[in-house]
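Here is what each chain is made of, one letter per residue.
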Amino acid sequence: MRTMSLVFMVLLLVGAVLVLGGGSYAVRRVIAALEERLAAARAPDTGPPAAPEPQVGGYVPGPRRPEDLSAELRARVRDLVSLGRTEEAVRVVGERAEVDEDRARGIVAELGDGAGPGTALEP
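Cut-offs used in this document
Residues numbered from 1 in each chain as written. Predicted model: local features only at pLDDT ≥ 70, side-chain atom pairs only at ≥ 80, totals over all residues. Heavy atoms only, no water. Salt bridge = Lys/Arg side-chain N within 4 Å of Asp/Glu carboxyl O. Helix = DSSP H or I, 4+ residues; strand = E, 2+ residues; numbered from the N terminus. Core = buried A, V, L, I, M, F, W, Y, C linked by side-chain atoms within 4.5 Å. Buried < 20%, exposed > 50% of the residue type's maximum accessible area, 1.4 Å probe, protein only. Expected span 1.5 Å × (residues − 1). Patch = residues over 30% accessible without salt bridge, like charges linked within 9 Å, V, L, I, M, F, W, Y side chains within 5 Å. Areas by Shrake-Rupley, 256 points an atom, 1.4 Å probe, with all protein chains shown as cover. pLDDT = per-residue confidence, 0-100.

Some words on the pattern of salt bridges
- Enumeration over the complete set of coordinates arrives at six salt bridges.
- A salt bridge links Arg91 to Glu88, with the nearest nitrogen and oxygen atoms 4.0 Å apart. Residue Arg91 and its partner Glu88 are located together in helix H3 (residues 86–97), separated by three residues, close to a single helical turn.
- A salt bridge links Arg105 to Glu101; its shortest N-O distance comes to 2.8 Å.

Description of the nonpolar core
- By size, the foremost hydrophobic cluster in this structure holds 14 residues, and its most contacted members are Leu69, Val77, Val93 and Val108.
- For this core, the secondary structure elements donating two or more residues are helix H2 (71–82), H3 and helix H4 (101–111).
- It is H3 that provides the largest number of residues to this core, a total of five residues.

Description of H2
- Helix length check: H2, at 12 residues, gives a terminal C-alpha distance of 16 Å against a target of 16 Å (1.5 Å per residue), a fit within 8%.
- Gly84 lies just past H2 and shows a positive phi near 80 degrees.

Things to note about a nonpolar patch on the surface
- There is a patch of nonpolar side chains on the surface, built from Leu6, Val10, Val14 and Leu18 and spanning about 380 Å² of accessible area.
- Take Leu18: its relative accessible area is 62%, and that puts it in the exposed class.

With respect to the confidence of the model for the protein
- When pLDDT is averaged along the protein, the result is 78; 70% of the residues meet or exceed 70.
- The weakest mean pLDDT in the protein belongs to H4 at 85; the strongest belongs to helix H1 (residues 2–41) at 89.

As structure tokens, then:
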């Protein structure tokens, strides 16, 4: 009696493994078919890109001279320097021009050498 139940349990276990394996295989086939459909629906762009990217990867240098900044940013920095707020001017240049602190300090120093319109009035 015990051997019969042991054989029966082994057969049940083998059957369960076969059912689970077959189900897994079927699910993988369905997923693969769906991915093929989605890939076919996404037609690749065969034409050339509209314009090549100016810089791809690598080092992208920030502005080195005050002339590389916008006129609005240069005027704001000159105003801040003339009001004695040099640290704020360095922070603004660093954020807007995306440069490190040393380069921002150099740009602010060049802009604050008296090339500006003079002392700005505080509102």
